[in-house]
Amino acid sequence: MTDIPLIRLDDVSKVYHLESGDVTALDHVSLDIRENDFVAIMGPSGSGKSTLMNQLGILDVPTTGSLLIDNRDVAAMSTLERTHMRRDVIGYIFQKFFLIPLLSAYENVEYPLILKHKQRDTTGRAREILQAMGFDEKLAAHRPSQLSGGQQQRVAIARALVNDPKILLCDEPTGNLDRKTGLQIMDILVGLHGKGKTVILVTHDPKIAEYAKRTVVIEDGRVQEA
Ligand SMILES: Nc1ncnc2c1ncn2[C@@H]1O[C@H](COP(=O)(O)OP(=O)(O)OP(=O)(O)O)[C@@H](O)[C@H]1O
Ligand SMILES: [Mg+2]
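Rules and cut-offs
Residues numbered from 1 in each chain as written. Chains lettered and ligands numbered in written order. Predicted model: local features only at pLDDT ≥ 70, side-chain atom pairs only at ≥ 80, totals over all residues. Heavy atoms only, no water. Axes fitted to C-alpha atoms, helices over the stretch in contact; angles between N-to-C directions. Helix = DSSP H or I, 4+ residues; strand = E, 2+ residues; numbered from the N terminus. Parallel < 35°, antiparallel > 145°, perpendicular 65-115°, else oblique. Left-handed = near helix turned anticlockwise from the far one by under 90°. Contact = heavy atoms within 4.5 Å. Nonpolar A, V, L, I, M, F, W, Y, C, P; charged D, E, K, R; others polar. Pairing = 2+ DSSP bridges. Salt bridge = Lys/Arg side-chain N within 4 Å of Asp/Glu carboxyl O. Buried < 20%, exposed > 50% of the residue type's maximum accessible area, 1.4 Å probe, protein only.

Undergrad: So what's going on with the packing of helix α3 (residues 105-117) against helix α4 (residues 125-132)? Which residues, and what values?
TA: When two helices pack together, their arrangement is given by the angle between their axes and by how far apart the axes lie. Interaxial distance between α3 and α4 falls to 9 Å at its minimum, and their mutual angle equals 125°. Viewed along their axes, α3 and α4 adopt a mutual orientation that is oblique. Judged by the sense of rotation from one axis to the other, the crossing of α3 with α4 is right-handed. Judged by residue contacts, A105, Y106, V109, E110 and L113 of α3 engage R125, A126, R127 and L130 from α4. For the contact of α3 with α4, the class distribution of residues is six nonpolar, no polar and three charged.

Undergrad: Can you lay out the sheet that holds strand β3 (residues 38-42) for me, pointing to particular residues and giving the numbers?
TA: Taken in spatial order, the six strands line up as β6-β7-β8-β3-β9-β10 in an open sheet, and their pairing is mixed. Looking at which strands have only one partner, the edges of the open sheet turn out to be β6 (90-94) and β10 (222-225). Pairs of neighbouring strands in the sheet enclose a mean axial angle of 20°, with direction left out of account. As judged from the five bridges shared by β6 and strand β7 (residues 167-171), these two strands associate in the parallel manner. Bridging across to β7, F94 finds its partner in D171. Contacts from helix α1 (residues 49-56) reach β3, β6, β7, β8 (198-202) and β9 (214-219), with the element oriented near 160° to β7.

Undergrad: Residue-level account of the pattern of salt bridges, with values.
TA: With the rule as written, the count across this model stands at 13 salt bridges. Of the charged contacts in the structure, one is a salt bridge between K197 and D164, with a shortest N-O distance of 2.7 Å. Remark: D164 occurs in the loop between α6 (149-161) and β7 and K197 occurs in the loop between α7 (179-194) and β8; sequence separation between them is 33 residues. Relative accessible area serves as the criterion here: at 10%, K197 is assigned to the buried category. Overlapping salt bridges bring together D37, R214 and E225 as one network.

Laid out in structure tokens, this is it:
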């Protein structure tokens, strides 16, 4: 065991400059997340949860402060190194699934493998992960529009897992699903945490947050441990 956290957010602020004035979406946020942690992030609408997730996922850059992943300062990395970190270290799961509509479920899951290896998957990995999410060959041939919300989210999870990331960032993954389907998705996330993944989960729902080991509350861009 080392003392170095997997993710360290150090005094990060994010300010949006709008014509109507500046919006401070994150206000001096410091947060350490250890390997295999399971963190729920809660807070009212507009409090900065997605802004925080975008920082953790290297989808955005802080206005001030720093982000370290695996003890590496993200700001000091090249664009290519950041792209590789997004592709290989982090899996993204969103409320709206963001599947590619013209691709089948299988092709959606295979896509990150193609980005990584520059060729179609010959290892069976994409198929195997989809099978683990309950997809047979026939269902795997469906396009997203031919799947239920819960099925689409399982495809999105399979896609997030296919390059075996250490970190899973989940922004309201059950937000578009009914309770029963949402709990099935939570069971999957709990299983992945059990297999060693570091899971960071945004939710409005205290019942969903109970699945996490730790809850962080964000209000007006400031975080505090619950
Ligand atoms: N691209 C942007 N440009 C300007 N302001 C933004 C932008 N994105 C977010 N904000 C502002 O930053 C603040 C935090 O937004 P954020 O999306 O992080 O909230 P949230 O906690 O995820 O809310 P919700 O629960 O509704 O998803 C809000 O005041 C929002 O209006
Ligand atoms: Mg949000």
